[in-house]
Amino acid sequence: MSTVAILAAREYMSRLRSRGFIIGTMLGIGGIVALSFISAIGSWLAGTFTTSIALVGPDPSVTRAIARDLRDDYAVTVIPISSDGPRIPATVKRDVTRGKYDAALVAYRDNHGALAFSYYPAKSASLEEQERLRQRLLTAVVNADLDQRDRSTIQRVMNFEFVTVNLNPRYKTAAEAGLAQGLVYFLLLLLYIAVVMYGMNVASGVVEEKSNRVMELMIGAVRPDQLLAGKITGIGALALTQMFTFACAAGVMLLLVGLHYATSLQSAMPAGVAHPPSLAIATVPLATIGYLLVFFLLGFFSYSTMFAGVGALASKMEDVQQSNGLLIWPVVVAYMLSIFALQDPDKPLFVWASFVPLISPMLMFTRVATSSVPMWQIAVSIGLSLICIWGFTLLAAKLYRVGVLMYGKPLSPKEIWRALRAPT
Amino acid sequence: MLELDNVSKSFGSVQAVSDLSLVARPATVFGLLGPNGAGKTTTIRMILDILQPDRGEVRWTGHRVDAVTRRTFGYLPEERGLYPKDKITEQLLFFGRLHGMSAADARARMQQLFEAFGLTDKLGSKPVELSKGNQQKVQFIAAILHRPPLLVLDEPFSGFDPINVEVVKDAVRDLVAAGTAVLLSSHRMEQVEELCEDICIIDRSRAVVNGSLKEIKRSWPDRFVHITQLPDMSFLDAFPGATVRPGANGIAAVRLTPQTDPAAILRAAVAIGPVEHFEIAEPSLTDIYLHYVKPEDAAA
């Protein structure tokens, strides 16, 4: 095991077992569970408002049958046009975008003659809303189509095609629009907390080692840059562990929500029929999770290297808290910008700001998760962040070399500058 | 063998160490003395490759000290501490591994040292649960766990009660018997005198005396007599250059110029009162130290 790995392992294990980490993780899991209940309550509430739907069907009798099955939950207006595919007729589209209806539903026969649906919400439809509509349509399909076919085809009938096409061009797909509303905000908050908390952990960890003089014992065996690398790696791994735990908790909750839908679906079905696969978990785009990881790492490393340099120069916790208050500003700015960017992610201000290191990890993540950002923009943002991290690492290593064995009053900016230029 | 060859180091306009040369041999204790601010800590940090000398070279067994060699060294810093809430066994394992030991070897050696220091019942403890003396012992163990060929001790006795001072001294003697070169920096003259074969006194960044303690004492020009403290010591005024320093147990240390005959002192003293104790002595390390280091330096 290399020196850095030994240092990182100690940092990781010691913090993993600390009361603060355990309590924080428990609270986080509790928050996720609570959030999923809140979102369940929210969708139940949403169900009490009636969505108005313009219905376009393949032929009058089937259209009437579908309208009948939807009427309990939706205000259905049957449009006297026959569909010949999934496309939304231009007049209907105009009415929906103008707000005459909340959404349009196009029912049509696919190539095999089976019923299929395209759903066109005016704004966006949450995953729960889509699932609720799908359930209703399932009943409609069974009622409309089953009497014409023998029961052996029921499985095929049940796997009818249902596609949601968002009429609002801001979102790539409806699934992502649904994600944009809640999950991105939640992930953004997670990113913010993780970057701030773990960045500060690095700073306070350095000062702690200085103030209890463990640093003196270690400096006899390892180089300052190894200490720096070990600390940042160890704390970074800890942060990833916590995020992974949260992701698992969120996954379990999504699975439970999915199971809930599946069982309610099952009870609505004739006995002996297997329920269709749940879509709840599959609709969280893997790419978003991937970007979250990438931008978390970029954010963590940009901030933690900065915090480490500051920690090395301080000898008391109070000094660190003072400088932390200053260093925290870029995160706050990034967070605020990201919140606004959720509404309009491709505004020029947000596009330009999403290239700026320290701000980009949050802002670019928000844009990537809610809009289709050109690949080159993502690449530039990541590249600039990496350059910034590289610079901060060199700076932090230098500050570490001069700072770790220095005690007493905090240095003035002039003294820091002199220390940085001095050969060690 | 540790060699410092004309080593100098300055910080900005402050000259911390100037042209310092010294040799610390295996199986001996080398004493590094000097007032606060004289350059001892800087010297130690250069030996441990934490600081780079501006000029000169630090060598171990003939090779310049680098990151690989210094990892084998043991170091007990003056200001030292442990992670307060982590188990001491885990911390020692951590330090052992940082010095390149295998986990199994570190555990075995830890067991053995805990027995030697009477800490076996403290294996599962955390530093916050230990007395200060026991914490100091653990720190000492951390410095010697990996069997360093060179052990640098900076004020190792501070914080220890007299019993534990003996424990540490015994440990140092055992290490020396096993061939370790020990560099000891301390203000405790008695302990340095007791343990060190060679010494170097640094004052204002320079070595003022350097070499075998025995040689330094033997070639010392002044003579010393230890004599019963009499109510009136003014008879010494008849001897030019004689100075008196009251000592413990009612015995005064009198420093004489080389020209003064100790027998004449005894005769003059007996004429005044009963003399129960009279002894011609070598200079103590304190005498030597006070000769070289002026009080105004110590204030620095």
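It should be noted that the structure appears before, not after, this text.
Residues numbered from 1 in each chain as written. Chains lettered and ligands numbered in written order. Predicted model: local features only at pLDDT ≥ 70, side-chain atom pairs only at ≥ 80, totals over all residues.

**Digging into the overall build of chain A**
Along chain A, the regular secondary structure elements total 16 helices and five strands. In chain A, which comprises 424 residues, the share counted as buried stands at 39%. In chain A, once contacts between residues fewer than 6 apart in sequence are set aside, the share between residues at least 24 apart is 75%. (Helix = DSSP H or I, 4+ residues; strand = E, 2+ residues; numbered from the N terminus. Buried ≥ 20, exposed ≤ 12 C-beta atoms within 10 Å, placed from the backbone. Contact = placed C-beta atoms within 7 Å.)

**Observations regarding helix 5 (residues 132-144) of chain B**
For helix 5 of chain B, spanning 13 residues, the distance from its first C-alpha to its last is 19 Å, which sits close to the expected 18 Å at 1.5 Å a residue. Within helix 5 of chain B, 10 of the 13 residues are buried, leaving the element largely enclosed by the surrounding structure. Those residues of helix 5 of chain B lying buried are B:Gln135, B:Gln136, B:Lys137, B:Val138, B:Gln139, B:Phe140, B:Ile141, B:Ala142, B:Ala143 and B:Ile144. On its buried side, helix 5 of chain B packs onto helix 8 (214-219) of chain A together with strand 6 (74-76), helix 3 (88-98), helix 4 (103-116), strand 7 (150-154) and helix 6 (162-177) of chain B. (Expected span 1.5 Å × (residues − 1).)

**Some details on the sheet that holds strand 4 (residues 115-121) of chain A**
The strands that make up a sheet are held in pairs by hydrogen bonds between backbone atoms, and each pair lies either parallel or antiparallel. All names here are of chain A. Here five strands make up an open sheet; going across it, the order is 2-1-3-4-5 and the pairing mixed. In this open sheet, the two strands that pair with only one neighbour each are strand 2 (74-82) and strand 5 (161-164). Across the sheet, the mean angle from the axis of one strand to that of its neighbour is 20 degrees, orientation sign disregarded. In terms of strand pairing, strand 3 (residues 103-109) meets strand 4 through seven bridges, oriented antiparallel. Paired with Leu105 across the bridge in strand 4 is Tyr119. Against the sheet, helix 3 (residues 60-70) makes contact with strand 1 (51-57), strand 2 and strand 3, and its axis sits at roughly 160 degrees relative to strand 1, the strand it touches most. (Pairing = 2+ DSSP bridges. Axes fitted to C-alpha atoms, helices over the stretch in contact; angles between N-to-C directions.)

**Looking at the sheet that holds strand 11 (residues 223-228) of chain B**
Residue and element names in this part refer to chain B. If you trace the four strands from one edge of the open sheet to the other, you get 12-13-11-14, paired in antiparallel fashion. With one partner strand each, in any of the chains shown, strand 12 (243-246) and strand 14 (278-281) form the two edges of the open sheet. On average, each strand axis in the sheet is tilted by 25 degrees relative to the strand beside it, whichever way the strands run. Bridging between strand 12 and strand 13 (residues 251-256) involves four bridges; their strand directions are antiparallel. For Pro246, the partnering residue across the bridge sits in strand 13 and is Ala252. The sheet strands contacting helix 9 (residues 262-270) are strand 11, strand 13 and strand 14, and the helix crosses strand 11 at an angle near 20 degrees.

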